[in-house]
Amino acid sequence: MDDAFAVPPPAPPGNDVPAVILREKEPENLESPFSSLDGLLTPNELFYVRSHFATPALDPAHWELAVTGMVERPLRLSLDQLMALPAVTRPVTLECAGNNRIFLVPQAQGAQWGLGAVSTAQWTGVPLSAVLRQAGLKLGAVDVVLQGADEGEAREKPKPPGKLHYARSLPLHRALAEDADSVLLAYRMNGQPLPPSHGFPLRAVVPGWYGMASVKWLTHIHVVDRPFTGYFQSSDYAYWQRLNDLPVRTPITEMFPKASIARPAVLEVVPRSTHYRVHGAAWGGDAPIAKVELSTDGGQTFSAATLLGEALPHCWRRWEFDWSTPPQPQDCTLLARATDTQGRSQPSQRDGDWGSYVIVHMLPIDVHVR
Ligand SMILES: Nc1nc2c(c(=O)[nH]1)N[C@H]1C(S)=C(S)[C@@H](COP(=O)(O)O)O[C@H]1N2
Ligand SMILES: [Mo]
């Protein structure tokens, strides 16, 4: 055989330097290399980025957060004023509602996310409830609209003409939640100032909800007297909820349980007759993950995986499974299934009412045993 055409040997494991995967250059959309999962926190430079418009350049010296609408005392807070309020730090997992979209057949519209539109960071900031208490809510306040400084033209129909700002709302009970459920107005990420791509100087972090709720480059909080139905929760990031079998356009909110396999990676070549450490992470909405099961035979049988570390609210839990790989070369399909403490589990089939979002059915991960 001509040596020029020899297949190079695979790189020795552990020598590959993880990097984000470019999904879209402008606006910036970057996927985290999920197969490199190693540790509870995702380093800032490997954290996925989901942006609808260009990253705004905000000068922290002139930046202000305005709190207006159904409040007793409208506020304009500088970054220094916010940072002077009592701060909390918590690990929270963010997952884009479109994570895993590349697995949909036929292909769905939108960014073709693989496994890595999910990441975990330690966020530092002020609870939104503290800022709302400072402003004082008026009787009749219903919804809290969070608005970002970024703006541009919408993509999905129906869409308004011209430019719009990114904005999402939280019902009052979610905005006012306390302790582990607190919505954070975060200005630090993994101990560093928030990077520009992740919302510098201030972003919301809404634990347990899909990432679209965690508004970046936050500049305005409008308290309103009726449910907000803005573009990013009626046209985009919404689904068809069945009420008496009538489909009703409803904002996507809480995450559902999901276990994701980091290794083996999709179409990885796995040695036969060996012990292979299958591992990954599992997360969900309000309820903690109770168990993760793994199938190595395409879903015919499942066995319990081992949950690692401790259960932390709104943070993914890592898990592992000791796979005795088959003695003969063959192709295998791995499936992971998470169940939360409320007994909610992952379905085997896709529910089309979610459109191109909330891809929570068990994903087949095909590998080659050689
Ligand atoms: N202002 C603003 N906030 C935003 C977005 C955006 O485009 N603009 N994208 C949202 C979506 S869809 C997700 S999944 C998360 C992603 O946060 P990250 O880029 O820090 O990972 O930010 C959310 N907040
Ligand atoms: Mo998202």
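Everything here concerns the structure above.
Residues numbered from 1 in each chain as written. Chains lettered and ligands numbered in written order. Predicted model: local features only at pLDDT ≥ 70, side-chain atom pairs only at ≥ 80, totals over all residues. Heavy atoms only, no water.

Draft legend 1. Layout of the pairing of strand β22 (residues 317-324). Taking every second residue as pointing to the same face, the buried face of β22 carries Arg317, Trp319, Phe321 and Trp323, while none of Arg318, Glu320, Asp322 and Ser324 on the other face is buried. As paired strands, strand β21 (residues 306-307) and β22 are joined by 2 bridges and run antiparallel to one another. When the bridges of β22 are listed, threonine 306 appears paired with glutamate 320. (Buried < 20%, exposed > 50% of the residue type's maximum accessible area, 1.4 Å probe, protein only. Helix = DSSP H or I, 4+ residues; strand = E, 2+ residues; numbered from the N terminus. Pairing = 2+ DSSP bridges.)

Draft legend 2. Structural view of the site of ligand 1. Near ligand 1 lie 19 residues; those nearest to it are Tyr48, Asp150, His198, Arg203 and Lys216. A distance of 3.0 Å separates an oxygen atom of ligand 1 from a polar backbone atom of arginine 50. At 2.6 Å, a side-chain N or O of lysine 216 approaches an oxygen atom of ligand 1. Protein chains shield 100% of the accessible area of ligand 1, which is 530 Å² for the free molecule. (Near = heavy atom within 4 Å. Polar contact = N/O pair within 3.5 Å; in protein donor to acceptor, adjacent residues only side chain to side chain. Areas by Shrake-Rupley, 256 points an atom, 1.4 Å probe, with all protein chains shown as cover.)

Draft legend 3. Local environment of the sheet that holds strand β16 (residues 258-263). Strand order in the open sheet formed by 4 strands is β16-β18-β22-β21, with antiparallel pairing between adjacent strands. Of all strands in the sheet, those bounded by a partner on one side alone are β16 and β21. One ladder, built from 5 bridges, connects β16 with strand β18 (residues 275-283); its direction is antiparallel. Note on β18: the bridge partner recorded for arginine 263 is histidine 279.

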